[in-house]
Amino acid sequence: MPNYTFTVNGKSVTVDAPADLPMLWALRDKLGVRGPKYGCGINVCKACTSHLDGEAFNPCVTPVSDCSGKEVTTIEGLADGDDLHPVQEAWLEQDVAQCGYCQPGQIMAAVALLKKTKNPTDAEIDAIQNVCRCGTYFRIREAIKSAAAKM
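Residues numbered from 1 in each chain as written. Predicted model: local features only at pLDDT ≥ 70, side-chain atom pairs only at ≥ 80, totals over all residues. Heavy atoms only, no water.

(A) Seen up close, the packing of helix α2 (residues 86–93) against helix α3 (residues 103–116). For the pair α2 and α3, the least separation of the axes is 9 Å and the interaxial angle reads 125 degrees. Taken together, the axes of α2 and α3 are oblique relative to one another. Pair α2 / α3 crosses with right-handed handedness. In this structure, α2 contributes Val87, Gln88 and Trp91 to the contact, and α3 contributes Gln103, Gln106, Ile107, Ala110, Val111 and Leu114. Tallied by class, residues from the contact of α2 with α3 come to 6 nonpolar, 3 polar and no charged. (Axes fitted to C-alpha atoms, helices over the stretch in contact; angles between N-to-C directions. Helix = DSSP H or I, 4+ residues; strand = E, 2+ residues; numbered from the N terminus. Parallel < 35°, antiparallel > 145°, perpendicular 65-115°, else oblique. Left-handed = near helix turned anticlockwise from the far one by under 90°. Contact = heavy atoms within 4.5 Å. Nonpolar A, V, L, I, M, F, W, Y, C, P; charged D, E, K, R; others polar.)

If you want it as structure tokens, here you go:
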């Protein structure tokens, strides 16, 4: 099998994997990065949302070969040591999580939105397609607004 080298949360890594292995499985099974969650495997639920070169992407449908030489950031790489990212802080302040399963993907999608839009409207926030089966969308919206105000 070929080797693919890329950066995960600031560290260079190399994995031995088939070219078509979804990046989600390279992260979870080969590298032990458990933040991105498997939900659907077909880019619908977006529980695995992470960043590829600073843009939101879904590793469940992205082959590891597409990530070679690039930078992958997962929820584990968002905080700066013990200092949480403002979106993570807002999530805690707004008590967003219920079951918590989708929250890493939700947070990563929110961070990507706030990189592009400093003060998003409700419609822009609602356009985030990450699914939350617990239905915490109102608190997600409030947390994003709170984080935007801090950033």
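Anyway, onward from the coordinates.
(B) View of the nonpolar core. Of all hydrophobic cores here, the largest spans 22 residues; its most connected members are Leu78, Val87, Trp91, Ile107, Leu114, Ile140 and Ile144. Where this core is concerned, the elements lending two or more residues are α2, α3 and α5 (137–150). Of all the elements, α3 adds the most residues to this core, at 7 residues. With sequence-adjacent residues up to four places away left out, Ile107 is seen in contact with Ile75, Leu78, Val87, Gln88 and Trp91. Core analysis: the second largest hydrophobic core is formed by 16 residues, Val8, Val15, Leu21 and Met23 among them. (Core = buried A, V, L, I, M, F, W, Y, C linked by side-chain atoms within 4.5 Å. Buried < 20%, exposed > 50% of the residue type's maximum accessible area, 1.4 Å probe, protein only.)

(C) How the structure looks around α3. Over its 14 residues, α3 extends 20 Å from the first C-alpha to the last, a length consistent with the 20 Å expected when each residue adds 1.5 Å. Every buried residue of α3 is accounted for by Gln103, Pro104, Gly105, Gln106, Ile107, Met108, Ala109, Ala110, Val111, Ala112, Leu113 and Leu114. (Expected span 1.5 Å × (residues − 1).)

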